[in-house]
Amino acid sequence: MLLAQCVDRTGTGVWAAASVLYFTYVCGMDARQLGLLLGVGALAGIAGSPLAGRAAERVPVRWLLIGCHLLRLGAMGLLLVVDDFAALLPVVALICLAERAAKTLEMLFATRVAGERRATYQALFRSVANAGYALGAGVAAIGLAVGTTAAYRVLILANGLSYVLAAVLVWRTREPSGRGLVAAKAGEAPAGAAAAAPSPWRDRGYLRFVLLDMPLNLDDSVLNVGLPLWLVHHTGAPHAVVPVFLVLNTVLVVLLQLRVSAWAEGALGAAAAVRWYGVTVLGGCLLIALATGAGPVLASVALLAAAMLITLAELLRSVSSWELAVVLAPPGAQASYLGVAGMSQSVQKSVGPLLLTGVVMAAGPVGWLGLGAATVGLGALQRRASLRRLAALGGAADGAGAEPARPVTASVG
């Protein structure tokens, strides 16, 4: 399964690096059209996670995931014959919806396969995913250097090939039968029992977790949007530092993800990681504020240090978010619950850049300090709420991924 995810992320890295330039130079879109296209795609992606989770309660995840890969293949194929803006809107929306659904299903499937070792698996996945993204970006760089329409279309075909290979690898991976997302000893109902299971949309306690988790995913926008824009417009650091942010992030994830995951393993470890996430983001925001107006050397050092702290926050969040999403969900309905939890990243990708550029960065250094302070507060609130819900579920005291011992009702908070 790890190999399938690595292949998928390699193809995604190819398309992520080439898509904006493809729509600009091959399809002839202006900035307004491109913004609308990406916005529509992001909104469609939000629906992908809950739809996938709901379907996984009724259909084996393995076949759903294969179907998503093939759907993505067909949608990417349409890009080879469609270049009109109006026609591209539904195509890109379908690609984003299927991609988000596939990512959710990958984690559902992987969690079933990994069982109680899901935190270790998540760490390994993060490492290979980053390697895949980097490899895909390298492949894309070759096509972008050529710069012809034919070269762009070869990159699209390369991405499509990754979907085919990923689907084959998933097909060859056996899905555990008669199990939920955690060990069978927890007593959860099989996927076919979803009709009698509680709904995540009526579970106030779980929805509170998901709503708090959305702003606690902002590290992605800070790294990819906030840091580069702040460097360019508010510091004297050379622009050549911008790509170093991504390189630094990739290297640190590969080197540290397993160690961070081991430290934050289990329900109690994940809850503790949420608190430290806020503190780490605050540290990064302080460094960004200090870099304002600074010269080349000081600004570069401060922003690179900020990138390291934001990456550490990302490592903490990647462990805590998924682990809590699993252990806070009731047995027998975890697929649909995790589908709703998967909306956090999609919503952040849609709203996060707007929040940073329109509110945080518009307020100057004070905006960054406010973001850091708010993240600390939200992290503390999430930790407290998660521990309260775990206590109500009656099952997560060993801190090693203990599972709820009895079903949760919609009134649990």
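Note that the coordinates shown come from a computational prediction; the quantities given were computed from them, not determined experimentally. (Residues numbered from 1 in each chain as written. Predicted model: local features only at pLDDT ≥ 70, side-chain atom pairs only at ≥ 80, totals over all residues. Heavy atoms only, no water.)

Next up on the list: the overall build of the chain. Scanning the chain for helices and strands turns up 14 helices and zero strands. Along the chain, helices and strands appear, N-terminal first, in the series α-α-α-α-α-α-α-α-α-α-α-α-α-α. Looking at the 413 residues of the chain, the share that counts as buried comes to 54%. Entry remark: accessible area of the chain is about 16,500 Å², with carbon and sulfur atoms responsible for 71%. (Helix = DSSP H or I, 4+ residues; strand = E, 2+ residues; numbered from the N terminus. Buried < 20%, exposed > 50% of the residue type's maximum accessible area, 1.4 Å probe, protein only. Areas by Shrake-Rupley, 256 points an atom, 1.4 Å probe, with all protein chains shown as cover.)

Among the surface-exposed residues, Arg 204, Arg 208, Arg 384 and Arg 388 lie close enough to one another that they form a single positively charged patch. Residue assignment for the positive patch shows that the elements contributing at least two residues are helix 7 (204-213) and helix 14 (365-393). Among the structural elements, Arg 208 can be located in helix 7. (Patch = residues over 30% accessible without salt bridge, like charges linked within 9 Å, V, L, I, M, F, W, Y side chains within 5 Å. Salt bridge = Lys/Arg side-chain N within 4 Å of Asp/Glu carboxyl O. Lys, Arg positive; Asp, Glu negative; His and termini not counted. Charge placed at Lys NZ, Arg CZ, Asp CG, Glu CD.)

Running from N to C, helix 7 and helix 14 point in directions that differ by 160 degrees, and their axes come no closer than 10 Å. Comparing their axes, helix 14 and helix 7 come out roughly antiparallel. Between helix 7 and helix 14 lies a crossing of left-handed hand. Taken together, the residues of helix 14 that come into contact with helix 7 (itself represented by Gly 205, Tyr 206, Arg 208, Phe 209, Leu 212 and Asp 213) are Leu 378, Leu 381, Gln 382, Ala 385, Ser 386 and Arg 389. Looking at the contact of helix 7 with helix 14, its residues break down into six nonpolar, three polar and three charged. (Axes fitted to C-alpha atoms, helices over the stretch in contact; angles between N-to-C directions. Parallel < 35°, antiparallel > 145°, perpendicular 65-115°, else oblique. Left-handed = near helix turned anticlockwise from the far one by under 90°. Contact = heavy atoms within 4.5 Å. Nonpolar A, V, L, I, M, F, W, Y, C, P; charged D, E, K, R; others polar.)

This brings us to the pattern of salt bridges. In this structure the tally under the stated criterion is seven salt bridges. In this structure, Asp 8 engages Arg 9 in a salt bridge whose closest nitrogen and oxygen atoms are separated by 3.2 Å. Each member of the pair, Asp 8 as well as Arg 9, is classed as buried. Among the ionic pairs, Asp 220 bridges to Lys 349, the shortest N-O distance being 3.5 Å. One end of the pair, Asp 220, is in helix 8 (residues 219-234); the other, Lys 349, is in helix 13 (residues 343-360), and 129 residues separate them in sequence. Among the residues examined, Lys 349 registers a relative accessible area of 44% and is labelled partly exposed. Overlapping salt bridges bring together Asp 8, Arg 9, Arg 72 and Glu 106 as one network.

Residues Val 59, Trp 63, Leu 70, Leu 73, Leu 161, Val 164, Leu 165, Val 168 and Trp 171 make up a contiguous nonpolar surface patch of roughly 800 Å² in combined accessible area. Elements represented by at least two residues in the nonpolar patch include exactly helix 3 (61-78) and helix 6 (149-171). Considering each element in turn, the nonpolar patch owes the most residues, five residues, to helix 6. Relative to the helices and strands, Leu 161 is located in helix 6.

Here the UniProt feature "transmembrane region" (unreviewed entry) sits at residues 34-52, 85-102, 123-144, 150-171, 237-256, 268-291, 297-317 and 355-381. Annotated as residues 34-52, this span is 100% helix and 0% strand, and its ends, taken at the C-alpha atoms, are 27 Å apart. Structurally, residues 85-102 is divided into 100% helix and 0% strand, and its ends, taken at the C-alpha atoms, are 25 Å apart. (UniProt positions renumbered as here; feature names shortened; annotations may be inferred.)

On inspection of all chains with the given rule, the structure shows seven aromatic pairs. Judged by centre distance (5.7 Å) and plane angle (85 degrees), the ring pair of Trp 15 and Phe 23 falls under edge-to-face. Note on accessibility: Trp 15 and Phe 23 belong to one class, buried. Consider the rings of Tyr 22 and Phe 23, whose centres lie 5.6 Å apart with planes at 65 degrees: the pair is edge-to-face. Using a relative accessible area of 3% as the deciding quantity, one classes Phe 23 as buried. (Phe/Tyr/Trp six-rings, centres within 6.5 Å; stacked < 30°, edge-to-face > 60°.)

We now examine helix 7. Each α-helix turn comprises 3.6 residues. Residues three or four places apart therefore point the same way. Of the residues making up helix 7, those classed as buried are Gly 205, Tyr 206, Phe 209, Val 210, Leu 212 and Asp 213. The buried residues of helix 7 all sit within an arc of 165 degrees when viewed along its axis, so they share a single face. When the buried face of helix 7 is taken as reference, the exposed residues oriented beyond 90 degrees from it are Arg 204 and Leu 211. Next to the buried residues of helix 7 lie helix 11 (296-327), helix 12 (334-341), helix 13 and helix 14. Among the residues of helix 7, the N-terminal cap falls to Asp 203, whose side-chain oxygen and the backbone nitrogen of Gly 205 are separated by 3.3 Å. (Arc of directions from axis to C-beta. Polar contact = N/O pair within 3.5 Å; in protein donor to acceptor, adjacent residues only side chain to side chain.)

Relative to the assigned elements, Pro 238 resides in the loop between helix 8 and helix 9 (242-263). The class for Pro 238 is partly exposed, based on a relative accessible area of 39%. Along the backbone, Pro 238 and Ser 300 are 62 residues apart, and their C-alpha atoms lie at a distance of 7.6 Å. The contact partners of Pro 238, leaving out residues within four places of it in the chain, are Leu 231, Pro 296 and Ser 300.

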